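# Understanding the architecture of this molecule
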Protein chains: 2
Amino acid sequence: MRICLIGFGVVGRSFVKLLTERAPVLANEYGFAAKLVCVADSGGAAVSQRGLIGAELLAAKESDGTVGAVADHGLTGCSVEQLIADCDADVVIDATPSDLSSPGVAMGHLRAAFRTAKNAITVNKAPLATAMPALLELAAHNRVQFRYSGTVGGGTPMLALACECARGDDVVRLRGVLNGTTNYILSRMHETDIDFDSALAEAARLGYAETDPSADIDGIDAATKVVILSNLIMSRPTTIRDVDVTGIRNVSRNRIETCKSAGRVLKLVGEIGESARVGLAEVNADSPLNVPANLNALTLTLRSSGDVTLVGRGAGGIETATAILRDLLDIWQTVGAAT
Amino acid sequence: MRICLIGFGVVGRSFVKLLTERAPVLANEYGFAAKLVCVADSGGAAVSQRGLIGAELLAAKESDGTVGAVADHGLTGCSVEQLIADCDADVVIDATPSDLSSPGVAMGHLRAAFRTAKNAITVNKAPLATAMPALLELAAHNRVQFRYSGTVGGGTPMLALACECARGDDVVRLRGVLNGTTNYILSRMHETDIDFDSALAEAARLGYAETDPSADIDGIDAATKVVILSNLIMSRPTTIRDVDVTGIRNVSRNRIETCKSAGRVLKLVGEIGESARVGLAEVNADSPLNVPANLNALTLTLRSSGDVTLVGRGAGGIETATAILRDLLDIWQTVGAAT
């Protein structure tokens with residue numbers, strides 16, 4: 001399969017390393033072989049019909065800060081949308097970071113892929129948050145495959161599990177701890193006597209919170225995951241405007257203490273029942289949603305089989321790279337081994 | 001798809017009800033339609049090329065104790081293996097109960113299906129426990145599909161999750177609480193001050209333990225699940241003879257108290273690492289394997305993505321029926337909509 005990879009940060013680089021490492025296993029177990037024909041980052045791009053070498057891409061990024069510096073194949077000053085449209089790829093992978101305040105750029109990547117009949121994988125949540133119903137329609141209209149496993153649960157296959165559950169049963173309700181940063185902050189406030197600001201500072205120090213943590217702590221990141229689950233699992237056309245969102249910014253020590261003394265734990269919970277919402281919820285200490293540290297958890301309530309809960313790390317570069325690889329194999333198995 | 005269903009106990013009847021209820025959804029979402037061409041129970045069988053009516057099968061079972069009493073289509077005194085071999089089905093579903101002391105009968109059902117080029121689904125663990133590597137080979141040799149989702153986790157898709165994880169990552173270790181009866185007994189011993197015999201009696205009263213509970217409490221049922229996971233997920237040809245098994249029969253109150261005072265919980269854990277085993281293990285109170293009541297849990301340790309844990313009910317008639325339905329859709333999507 002010929003791949004066009006957009007974004008060469010932690011996720012993009014982890015994916016290229018993973019693909020290189022696992023090439024023998026993938027060939028052996030699935031008969032799968034991949035070729036990187038185009039890789040772009042914010043500083044430039046590298047293009048080769050014969051396939052780019054992972055080690056050369058990583059070395060150029062390390063030494064010059066961009067894959068545009070790859071010998072013989074490097075380009076600078078090119079339009080990413082144009083690269084996507086012009087390249088001879090079967091699949092475009094968008095591994096750029098989610099910027100929920102400007103979804104337009106990543107949307108442009110997906111549109112360029114779809115209108116030139118290329119399958120797409122994204123780990124960028126921004127276009128899904130604002131326009132997932134339209135993107136699903138556009139992919140269907142152009143008869144291409146579209147996957148986004150890495151947007152919910154990182155390397156923990158939450159979407160795949162939910163689809164599998166929905167196949168034999170009705171999913172009547174979804175509840176999840178869908179953001180690791182806020183879960184870390186709330187967990188620390190429960191375990192110790194620190195206040196919100198100190199817990200946030202600790203999360204930032206450990207690399208769990210962004211420089212601007214508002215998308216996490218205001219519940220926006222969790223809400224994008226609710227949007228994705230609502231469209232995919234509940235088949236309800238949903239955008240972030242349909243989700244009632246409150247964050248954790250105003251959580252006081254008093255609130256935590258009240259909760260603790262009642263034997264409960266305060267969590268930021270994303271929920272889809274009658275409607276879709278993200279907000280603080282008190283869960284019992286023995287609830288499967290009471291996951292520690294920065295873990296994520298998703299509980300599906302099934303009509304016949306009751307509650308099913310999946311727990312795992314919700315983010316991370318290498319974790320998200322494994323989700324991209326699963327999506328890639330899935331597309332390859334769906335469209336057939338011809339490409 | 002033409003279906004031959006063997007076994008019309010709780011699981012078989014739940015499956016027929018589920019298939020009838022979900023027929024419109026299955027037709028609409030997957031373009032899937034099923035026809036029951038042969039249904040057998042211990043008292044007889046009903047056969048019709050044009051398709052049997054679910055309600056008539058259920059009524060005959062209710063009134064006469066066997067589907068052999070269905071008007072016009074009922075038979076008695078027939079050989080189940082012969083029925084499987086002779087019927088015009090695309091898929092044979094074995095919904096007979098697992099009897100680990102005599103795997104031969106259920107083995108005969110699968111062999112009859114495979115040698116007459118029929119796909120098969122089983123929820124009967126017995127033939128898998130004793131001969132899973134041979135059965136996988138036989139299915140591959142006859143180029144038929146073979147599924148057994150309901151044998152591990154009931155309606156909780158543990159095998160599907162594990163396969164999905166294994167696609168993009170390496171599963172380096174598996175640990176699970178794989179038997180609900182023993183988990184119920186141990187959970188009750190932790191929560192209260194009752195002894196093993198009282199907890200077992202309680203489990204029997206609630207229908208969690210069989211009349212002869214030895215397969216559960218001696219760890220044999222958990223070991224069969226370890227066998228299935230080892231073959232499917234770790235790609236190691238394994239039978240129950242390869243699993244080191246100890247049960248929970250000798251757990252004393254003293255053992256429970258020692259464990260509790262150390263902040264830990266005693267669980268019957270099935271594990272696959274260097275080798276495969278089932279035995280008592282102390283887990284931390286906040287471990288994801290510390291699941292209450294008769295729940296099951298499976299933790300996969302992935303090389304890149306860390307620990308992923310799935311929690312849900314591990315058994316039940318209607319739950320297992322949803323697993324059969326997922327397998328059926330999976331086979332149908334694999335072999336194509338031609339049949």
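Please read these numbers as outputs of a predicted model, since none were measured by experiment.

What chain A contains, in helices and strands, is 12 helices and 13 strands. For 339 residues, the compact-globule formula gives about 20 Å, and the C-alpha radius of gyration of chain A, at 21 Å, lands near that figure. Seen through its C-alpha atoms, chain A measures out along the principal axes to roughly 65 × 45 × 35 Å. In chain A, buried positions account for 57% of the 339 residues.

Attention shifts here to the confidence of the model for chain A. Considering every residue of chain A, the mean pLDDT works out to 95; 99% of them sit at 70 or more. Predicted complex metrics record ipTM = 0.93 and pTM = 0.95.

This next bit is on the packing of aromatic side chains. All names here are of chain A. In total, this model carries 8 aromatic pairs over all chains according to the counting rule given. A ring pair is formed by F114 and F146, whose centres lie 5.2 Å apart and whose planes are at 80 degrees; its orientation type is edge-to-face. Here F114 is found in helix α4 (residues 104-115), whereas its partner F146 is found in strand β7 (residues 146-147), with 32 residues between them in sequence. Across the pair, exposure class does not vary: F114 and F146 are buried alike. By the ring-pair criterion, three or more aromatic residues cluster together here, those being F114, F146 and Y148.

Here we come to the interface of chain B and chain A. Each side of the interface is counted separately: chain B has 33 residues, and chain A has 33 residues. Between chain B and chain A lies a buried interface of about 2900 Å² when both sides are counted; carbon and sulfur atoms form 51% of it. In this assembly, chain B and chain A are joined by 6 salt bridges. Across the pair A:D170 and B:R22 runs a salt bridge, and its minimum N-O distance is 3.0 Å. The interface formed by chain B and chain A includes 12 residue pairs in polar contact (both at pLDDT 80 or more). Looking at the side of chain B that touches chain A residue by residue, the class counts come to 13 nonpolar, 10 polar and 10 charged. Here 5 bridges tie strand β13 (residues 306-313) of chain A to strand β13 (residues 306-313) of chain B, and the two strands are oriented antiparallel to one another. Bridging across to β13(B), A:T309 finds its partner in B:V311.

Our next topic: the environment of A:A40. Residue and element names in this part refer to chain A. Checked against the element boundaries, A40 lands in strand β2 (residues 35-41). Along the sequence, A40 and G65 sit 25 residues apart, while their C-alpha atoms lie 12 Å from each other. Discounting chain neighbours no more than four positions away, the residues touching A40 are L5, I6, G7, F8, A45, V67, V80 and L83.

All names here are of chain A. Axis separation between helix α7 (residues 180-191) and helix α8 (residues 196-205) bottoms out at 9 Å; the angle between their running directions is 125 degrees. In terms of orientation, α7 and α8 fall into the oblique class. Remark: the crossing between α7 and α8 carries right-handed chirality. Residue-level contacts link Y184, I185, R188 and M189 of α7 to F196, A199, L200, E202 and A203 of α8.

With that out of the way, let us pick up the relation of the copies chain B and chain A. Once turned by 180 degrees and shifted 0.0 Å along the axis, chain B lies on chain A with an RMSD of 0.0 Å. The superposition of one copy onto the other is thereby described by a two-fold rotation axis. By C-alpha distance to the rotation axis, the residue of chain B lying nearest is B:L310, at 2.2 Å. Residue by residue, 100% of the interface of chain B is reproduced at the interface of chain A, so both copies engage with the same surface.

So, about the pattern of salt bridges. Residue and element names in this part refer to chain A. Throughout the structure, instances matching the rule amount to 40 salt bridges over all chains. Between R253 and E257 there is a salt bridge, with its nearest N and O atoms 2.6 Å apart. Here R253 and its partner E257 are both found in helix α11 (residues 253-261), 4 residues apart, which amounts to about one turn of the helix. With a relative accessible area of 18%, R253 lands in the buried category.

Bringing the side chain of A:T182 into the picture now. Residues and elements named next belong to chain A. Looking at where T182 falls in the secondary structure, it is placed in helix α7. For T182, a relative accessible area of 1% translates into the label buried. Look past the residues within four positions of T182 in its chain and what remains in contact with it is D216, I217, I248 and L268.

As a further point, take helix α12 (residues 317-335) of chain B. Across its 19 residues, α12(B) extends 27 Å between first and last C-alpha, which sits within 8% of the 27 Å expected from 1.5 Å per residue. Following α12(B) by one or two positions, B:G336 has its phi on the positive side, about 95 degrees.

Right, let's talk about the packing of helix α1 (residues 10-30) of chain A against helix α6 (residues 158-168) of chain B for a bit. Contact geometry of α1(A) with α6(B) gives a least axis separation of 9 Å together with a crossing angle of 125 degrees. Between α1(A) and α6(B), the crossing angle belongs to the class labelled oblique. Contact residues: α1(A) offers A:L18, A:R22 and A:Y30, while α6(B) offers B:A166, B:R167 and B:G168. Along the lines of polarity and charge, the residues of the contact of α1(A) with α6(B) split into 3 nonpolar, 1 polar and 2 charged.

All right, on to the state of the cysteines then. By the definition in use, this model includes 0 disulfides over all chains. The thiol sulfur of A:C165 is not disulfide-bonded, and the nearest other cysteine sulfur, from A:C163, lies at 9.4 Å.

Turning next to the pairing of strand β1 (residues 2-6) of chain B. Moving residue by residue along a regular strand, the side chains alternate between the two faces of the sheet. Residues and elements named next belong to chain B. Within β1, 4 of the 5 residues are buried, which leaves the element mostly enclosed by the surrounding structure. Sheet topology note: the β1/strand β2 (residues 35-41) ladder contains 5 bridges and is parallel. Across the sheet, I3 pairs through a bridge with L36, a residue of β2. Read as a crossover between parallel neighbours, the route from β1 over helix α1 (residues 10-30) to β2 is right-handed. In this structure, β1 lies alongside strand β5 (residues 91-94), joined through 4 bridges in parallel fashion. By the bridge assignment, C4 is partnered in β5 with V92.

Definitions and cut-offs
- Residues numbered from 1 in each chain as written.
- Chains lettered and ligands numbered in written order.
- Predicted model: local features only at pLDDT ≥ 70, side-chain atom pairs only at ≥ 80, totals over all residues.
- Heavy atoms only, no water.
- Helix = DSSP H or I, 4+ residues; strand = E, 2+ residues; numbered from the N terminus.
- Rg over C-alpha atoms; globule rule 2.2 N^0.38 Å.
- Buried < 20%, exposed > 50% of the residue type's maximum accessible area, 1.4 Å probe, protein only.
- pLDDT = per-residue confidence, 0-100.
- Phe/Tyr/Trp six-rings, centres within 6.5 Å; stacked < 30°, edge-to-face > 60°.
- Contact = heavy atoms within 4.5 Å.
- Buried area = accessible area lost by both parts, 1.4 Å probe.
- Salt bridge = Lys/Arg side-chain N within 4 Å of Asp/Glu carboxyl O.
- Polar contact = N/O pair within 3.5 Å; in protein donor to acceptor, adjacent residues only side chain to side chain.
- Nonpolar A, V, L, I, M, F, W, Y, C, P; charged D, E, K, R; others polar.
- Pairing = 2+ DSSP bridges.
- Axes fitted to C-alpha atoms, helices over the stretch in contact; angles between N-to-C directions.
- Parallel < 35°, antiparallel > 145°, perpendicular 65-115°, else oblique.
- Left-handed = near helix turned anticlockwise from the far one by under 90°.
- Least-squares fit on C-alpha atoms with pLDDT ≥ 70 in both.
- Expected span 1.5 Å × (residues − 1).
- Disulfide = S-S within 2.5 Å.
- Right-handed = clockwise from strand over helix to strand, strands pointing away.

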